[in-house]
Amino acid sequence: MTQQRILVIEDEPDLRRGLEMNLKAEGYAVLTAGSGDAGVRQALDEKPDLVLLDVMLPGMNGFDVCRELRRKSFEAPIIMLTAKGEEIDRVVGLEIGADDYVTKPFGLRELLARIRVRLRRRTVDTIADVLRFGSVEVDFGRHEALHNGTRVDLTGKEFEILKLLSRHQGDVITRDRLLNEVWGYESYPTTRTVDNHILRLRQKLEDDPTNPRHILSIYGEGYKFVA
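Everything numeric in this text was worked out from a predicted model, so none of it was measured. Each chain has its residues counted from 1, running along the sequence as written. For a predicted model such as this one, the threshold for reporting local features is a pLDDT of at least 70, and the threshold for listing and counting side-chain atom pairs is 80 or more; totals across whole chains, interfaces and linings nevertheless cover every residue. Remark: hydrogens and water are excluded; side-chain values derive from all non-hydrogen atoms of the structure.

Draft legend 1. The pairing of strand β1 (residues 5-9), seen in detail. Relative accessibility under 20% of the residue-type maximum defines a buried residue, over 50% an exposed one, and the middle range a partly exposed one, all with a 1.4 Å probe and only protein chains included. Strands are runs of DSSP state E lasting at least two residues, helices are runs of H or I lasting at least four, and both sets are numbered from the N terminus onward. Across the 5 residues that make up β1, a large majority, 4, are buried. Whether a crossover is right-handed comes down to one check: with the strands pointing away from the viewer, does the path from the first strand over the helix to the second run clockwise; if it does, it is right-handed. Crossover handedness for the path β1 to helix α1 (residues 13-25) to strand β2 (residues 29-33): right-handed. Strands are treated as partners if at least two bridges between them are detected by DSSP. Inspection of the sheet shows β1 paired to strand β3 (residues 50-54) by 4 bridges, in the parallel sense. If you follow Val-8 over to β3, its bridge partner there is Leu-52.

Draft legend 2. How the structure looks around the nonpolar core. Only buried Ala, Val, Leu, Ile, Met, Phe, Trp, Tyr and Cys residues count toward a nonpolar core, and they belong to the same one when joined by side-chain atoms within 4.5 Å. Core analysis: the biggest nonpolar cluster contains 26 residues, and Val-138, Ile-161, Leu-162, Leu-165, Leu-178 and Leu-205 have the highest contact counts within it. Listed by contribution, the elements that provide at least two residues to this core are β6 (130-133), β7 (136-139), α6 (156-166), α7 (175-183), α8 (192-205) and β12 (222-225). Counting residues per element, this core draws most heavily on α6, which supplies 5 residues. Of all hydrophobic cores here, the second largest spans 23 residues; its members include Ala-38, Val-55, Leu-57 and Phe-63.

Draft legend 3. A look at the sheet that holds strand β4 (residues 78-82). Strand order across the open sheet formed by 5 strands is β2-β1-β3-β4-β5, with parallel pairing between neighbours. Every other strand in the sheet has two partners, leaving β2 and β5 (100-103) as the edge strands with one partner each. The average angle at which neighbouring strand axes cross in this sheet is 20 degrees, direction not considered. Looking at chain direction, β1 and β2 are connected through 5 bridges and run parallel. Its bridge partner being in β2, Ile-9 is matched across the sheet by Ala-33. Contacts: residue pairs with any heavy atoms within 4.5 Å of one another. Throughout, an axis means a line fitted to C-alpha atoms (over the contacting stretch in the case of helices), and angles, computed between N-to-C directions, take values from 0 to 180 degrees. Across the sheet, α1 is in contact with β1, β2, β3 and β4; its angle to β2 comes to roughly 170 degrees. Those strands touched by helix α3 (residues 62-71) are β1, β3, β4 and β5, and its axis lies near 170 degrees from that of β4.

Draft legend 4. Region of interest: the sheet that holds strand β10 (residues 173-174). Taken in spatial order, the 3 strands line up as β10-β12-β11 in an open sheet, and their pairing is antiparallel. Bordering the open sheet on either side are β10 and β11 (215-218), each of which pairs with just one other strand. Two elements, β10 and β12, share 2 bridges in a ladder whose sense is antiparallel. Bridge pairing in β12 places Ile-173 opposite Tyr-223. Across the sheet, α6 touches β10, β11 and β12, and the angle it forms with β12 is around 70 degrees.

Draft legend 5. Region of the structure containing the packing of α7 against α8. The interhelical angle for the contact between α7 and α8, taken along N-to-C directions, is 85 degrees, at an axis separation of 9 Å. Taken together, α7 and α8 sit at an angle that is classed as roughly perpendicular. Touching Arg-175, Leu-178, Leu-179 and Trp-183 of α7 are Thr-193, Val-194, Asp-195 and His-197, all from α8. Comment on the angle field: the value is read as roughly parallel under 35 degrees, roughly antiparallel over 145, roughly perpendicular from 65 to 115, and oblique elsewhere.

Structure below.
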């Protein structure tokens, strides 16, 4: 079995070494970077299976790193590490493409559990299937989307939302369920993250985003997909 690789982007040397040691003890191959710039280069060159990303990096901070990686179509899970506890920081992290968020100080068992969940979901989510509706064709296996024959760049989260909605075509999917299944949170204080992603999906895939025909809002409940 191929050893799964984790990239740790953390500027505190002691914490970086501690994470490297513990992850290796769990059987992972570990790459490390001590700055945001180095982390971006490592992620794009080495293509790890998961990234642990500190938010409070000097220079290019963790939000900038996450945004840059998603902009360059880096699809592996990103778990952000931070000493901050404010809701706005977690919201920003999730909206720019992070998959999970762990606040320092964190327990090793909790972090390892979150890593396993993210890697398992990434492994399961490799089924190649194609969705066609209206003037859109989406290949989930290849992470490719076409609208009127022109390639459209979707983020990893946008693919996951569309996959969940389309596999339950005609059913109303609540915002809480989208948060739980796409972001992995049992509870979360705001649904703005979901609404913003739905808005961007419509802008990219609907012929008339202001009058959507496929990704529909159900007032007071959530969203549903109609082919």
